[in-house]
Structure formats: C-alpha cells, structure tokens
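Structure assessment
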Amino acid sequence: MNGSFYETGSHVLTPDAFQFVLDSELRRAVRSQTFLTLVVLEAKREWDDVSVTADDGVVRELAEMITLAVRDTDMVSQTATGRLSLALLDADLERARTVVDRLVGRFDSYDFGAALSIAVGAACYPTNAVDADSLRSEALSHPLISRRLGAERAPGGDLK
C-alpha cells in the first residue's frame, strides 16, 4: 500500500483502501442487518470493430464523474485495468439500479471522443452474496446495462 487512502488528486480510493473499507462495511452490514451493493463497471475502447480495455485516463474520467454523482459515503475505486467498483452503502439492488441509470445518463451526455463501451453489473449483500469476492463475481456475471458511448454510438446507444 502506498500510504494514501485516495488516488493522487481525486476522491477515488486506492484498490487496497477500497478492499479494506469494503470488508469493514460488509462486517457492519452483517451486524446491523443492512444492505450493501457492489456495482462494477468495465470500460472498453472501440476502434474499427476492435475492442480493447480502456486506458487509465478514460477510467479516471469515469471515476471522477461517478464521485460527483453519488453520496459522499459511497466509495469508488479503480479495482482492475479498465474496471471501476462502487460500493453503495445501505442500498439494495433497486436503489443501485436508480444510481446506475443516473450515472449512465451522465455518461451519455459526455464527449468521450472515440467510442467507448461499458458494462455495469451489481450484486447486493445479503441478497446475492455474503463476501467481497462473491459480490464482485456476481456483479460481473449479471450486467444491468451494456452500452456504447461516444463518437460512434448508434442511436439509443444500447448494446443489449
């Protein structure tokens, strides 16, 4: 761990800090019998029918857009190459869907330059899983939205 809780100059947690806080919040959810939803976003760049993992700059842009659209108590982190995770405290899947729809609305109005596709999935404690790894796995396997954004987007933008 680099000693900092946040990525330099942002409100985005480092991956280690995110994992630490997520584990702590899951323990709190168990004790207090509350919901916790993990939202996972995967971003890919598209050029001439070729899809590649989005670079860190694009992912940081997405992360900053997310931090501006969620509560201060919700946590955002880049957790893998091309992937962001968002922990929504005291939120079930219905509430998470509302948040995801709001985020995608923000993404729709942003000029990404080249085409970008995103897949957003979510999983809820205790409904879908009971630990961080199973939440992540469930969120990745059950996308709520798959969408194309940016310059070459088809009308409506939906991929699904």
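Preceding this section is the structure that the text describes.
Here the residue numbers are simple positions, counted from 1 along each chain's written sequence. The predicted nature of this model means local features are confined to residues of pLDDT at least 70 and side-chain atom pairs, given and counted, to a pLDDT of 80 or more, with totals for whole chains, interfaces and linings taken over all residues. To get the side-chain values, all heavy atoms of the structure are used, and hydrogens and water are removed first.

Points about the overall build of the chain
For the chain, the helix and strand inventory stands at four helices and six strands. Helical segments are the DSSP runs of H or I of at least four residues, strand segments are the runs of E of at least two, and each set is numbered from the N terminus. Written out in order from the N terminus, the α and β elements of the chain read α-β-β-α-β-β-α-β-α-β. Just to be clear, the radius of gyration here is over C-alpha atoms, and the globule rule we use is 2.2 Å times residues to the power 0.38. Against the 2.2 N^0.38 benchmark of 15 Å for 160 residues, the chain shows a C-alpha radius of gyration of 15 Å, consistent with a compact globule. Projected onto the principal axes, the alpha-carbon positions of the chain cover approximately 50 × 35 × 25 Å. Whether two residues touch is decided by their heavy atoms; if any such pair falls within 4.5 Å, the residues are in contact. Excluding contacts between residues fewer than 6 apart, the proportion of contacts in the chain whose partners are at least 24 apart in sequence is 65%. Computed with a 1.4 Å probe, the accessible areas rest on the Shrake-Rupley method; for each residue, only the protein chains presented here act as cover. With an accessible surface of roughly 8100 Å², the chain has 51% of that area assigned to carbon and sulfur atoms. When charges are counted, Lys and Arg are positive and Asp and Glu negative, with His and the chain ends excluded. The atom standing in for a charge is NZ when the residue is Lys, CZ when it is Arg, CG when it is Asp and CD when it is Glu. Across the chain, the mean location of the 17 positive side-chain charges is 3 Å away from that of the 25 negative side-chain charges.

Regarding unusual backbone geometry
At the junction of Tyr125 and Pro126, the peptide bond is cis and its omega measures out at 0° in the coordinates. Of note, Pro126 is situated in the loop between strand S5 (115-125) and helix H4 (132-141). In this structure, Gln33 is a non-glycine residue whose phi angle is positive, near 55°. Relative to the helices and strands, Gln33 resides in the loop between helix H1 (15-32) and strand S1 (36-47). Not every positive phi belongs to a glycine, and Asp90 is a case in point at roughly 55°. Structurally, Asp90 is set in the loop between strand S4 (83-89) and helix H3 (93-108). Exposure remark for Asp90: the relative accessible area of 47% places this residue in the partly exposed category. A simple rule labels every residue: compare its accessible area, found with a 1.4 Å probe on the protein chains alone, to the largest value its type can have, and call it buried under 20%, exposed over 50%, or partly exposed in between.

So, the pairing of S5
Within S5, 10 of the 11 residues are buried, which leaves it mostly tucked inside the rest of the structure. Two strands make a pair as long as DSSP finds a minimum of two bridges between them. As paired elements, S1 and S5 share 11 bridges and run antiparallel to each other. Opposite Leu36, over in S5, you have Tyr125 as the bridge partner. Here S5 runs beside strand S6 (residues 143-149); their pairing, made up of six bridges, is antiparallel. Each residue of the ladder has a partner; that of Val120, found in S6, is Ile145.

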